[in-house]
Structures are given as C-alpha cells and as structure tokens.
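Fold and contact review
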Amino acid sequence: MKIILVGASGTIGKQIHEALSPRHEIITASLNKGQVKVDITKPQSIQAMFTTVGSFDALISATGSGPFGAISALTDEDFNDGIRSKLMGQINLVLTGQKYIRDGGSFTLTSGILSEEPIAGGTVLSVVNGGLNSFAMAASAELQRGLRLNVVSPGIVEDSADAIGQYFPGHNPVSMQRVVNAYIKSLEGIENGRVIQVY
C-alpha cells in the first residue's frame, strides 16, 4: 500500500515508519522533515500535500498538539490552539484526503488517554481528544467507496515516561510495540469507526 504518514518524525511516528516500511510504500510528511512538508493547522498546506502526493491507499496521522494549563488560566486562544492543531488539523486530513484516497482506503488518526482519564492541566487535550473520538465514530458511517476511519488512543508510552511521566500520576506506561500494533490493526484490519484504546 501507498501510505501517507503524517508526523513521521515524532516519537510514535518513527516507530510506525519502522514497522510498516518493510512491506509498504511510506510517504513521510511533517512540519519540518519528511518527503512532504505539511502544516496541519493550515488547510491550504494540507491541500498542497495531497496535490503533491496524488492518489494513495491509507493515511496515518500521529501528530497534533495542544497547550497544557490550569483551568483558572486557560483562555479562548488556548482552546483554539488545540482545536486548530490536533482536532481540526486531523479532521481536515480526512475531509480533504477523501477526495484523493483510493477505494477501500483507510484513515487512522491519533487522540489519547486524556479523553477518558484527565490529568491536572490537560483540559484542552481532553476536549480535543474527545472530539476526535466522536468525529471518527460519526464520520466513519458516512464515508463512501468502502473507506474506513479509526482513531488510536494511546496512554503514556514507555519511551516518554521519563520526560513526562510526572504529569500522569498513577498511570501505567504502555509499550511502544502495543501502540504501534494498534496502528497496524487500524491499517491492515477491518475495523471502522473504532477508538482503539491502548492503555
């Protein structure tokens, strides 16, 4: 399959690339690295990526961000930052990508555990992750031509535990292999409209 991997230079993206590249054609895309440059906060950049790549079989997005902050200090712009990046950025990959993807293709987006298990300072990402999960469940039922859409929702991965584990008290880090396997399940399996939880 010809797969567009958005966020290929990130912690999870690199491992997805390593797992899939032996048996698939991977087009790497990210803001500053990769075969194709894309800024998912800008719909015109997403359009340019698809115009450059042309038809493809699947898209995996392992990208998107949102700010942390106490609810007493969060602003409208903080929420808009998360919505523009992780929420609408990934939604726009599907909205635009459906015009270029081949029949029977699949989209896999990334949300996260904060949609189900919030932490202090994580309200923006809880909102965004929940929105992505709802989008996948609803939009997957309307996609045409046999297209599939799933979301992988990982917990904190072992590879990041040393750096950010203190923000996730009591959480059990999950292995990177389990996280990568969730993307493989979405890509090569038959799931549709699922939130594939890895925690």
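Structure shown above.
Every value quoted in this text rests on a predicted model; they were computed, and no experiment measured them.

1. Remarks on the packing of aromatic side chains
Where two aromatic rings form a pair, the distance of their centres and the angle of their planes describe that pair. One pass over the full model with this rule turns up three aromatic pairs. Between Phe50 and Phe56 the ring centres are 5.5 Å apart and the planes differ by 15 degrees, which places this aromatic pair in the stacked class. Phe56 carries the same exposure label as Phe50, and that label is buried. Ring centres of Phe56 and Phe107 lie 6.4 Å apart, and the angle between their planes is 80 degrees; this geometry places the pair in the edge-to-face category. Taken together, the residues span a long stretch of sequence, with Phe56 in strand E4 (residues 56–61) and Phe107 in strand E5 (residues 101–110) at a distance of 51 residues. Feature note: the residues Phe50, Phe56, Tyr100 and Phe107 constitute an aromatic cluster, connected by ring pairs.

2. Some words on helix H1 (residues 11–20)
Regarding H1, the residues found buried are Ile12, Gly13, Ile16 and Leu20. For H1, the buried positions fall inside an angular range of 100 degrees around the axis, keeping them on one side. Elements that come into contact with the buried residues of H1 comprise strand E1 (2–6), strand E2 (25–30), E4, strand E6 (148–154) and helix H6 (176–188).

3. A few points about the pattern of salt bridges
A side chain with one charge can pair with a side chain of the opposite charge if their charged atoms come near. If you walk through the whole model with that rule in mind, you get seven salt bridges. Linking Asp39 and Lys42 is a salt bridge whose minimum nitrogen-to-oxygen distance equals 3.9 Å. The class of Lys42 is partly exposed, set by a relative accessible area of 41%. Between Arg84 and Asp81 there is a salt bridge; the shortest N-O distance is 2.5 Å. A residue pair is termed a helical-turn pair when its members lie 3 or 4 positions apart in one helix, as Arg84 and Asp81 do in helix H3 (residues 76–97) at three residues. The partly exposed category is assigned to Asp81, whose relative accessible area is 32%.

About the thresholds
- Residues numbered from 1 in each chain as written.
- Predicted model: local features only at pLDDT ≥ 70, side-chain atom pairs only at ≥ 80, totals over all residues.
- Heavy atoms only, no water.
- Phe/Tyr/Trp six-rings, centres within 6.5 Å; stacked < 30°, edge-to-face > 60°.
- Buried < 20%, exposed > 50% of the residue type's maximum accessible area, 1.4 Å probe, protein only.
- Helix = DSSP H or I, 4+ residues; strand = E, 2+ residues; numbered from the N terminus.
- Arc of directions from axis to C-beta.
- Contact = heavy atoms within 4.5 Å.
- Salt bridge = Lys/Arg side-chain N within 4 Å of Asp/Glu carboxyl O.

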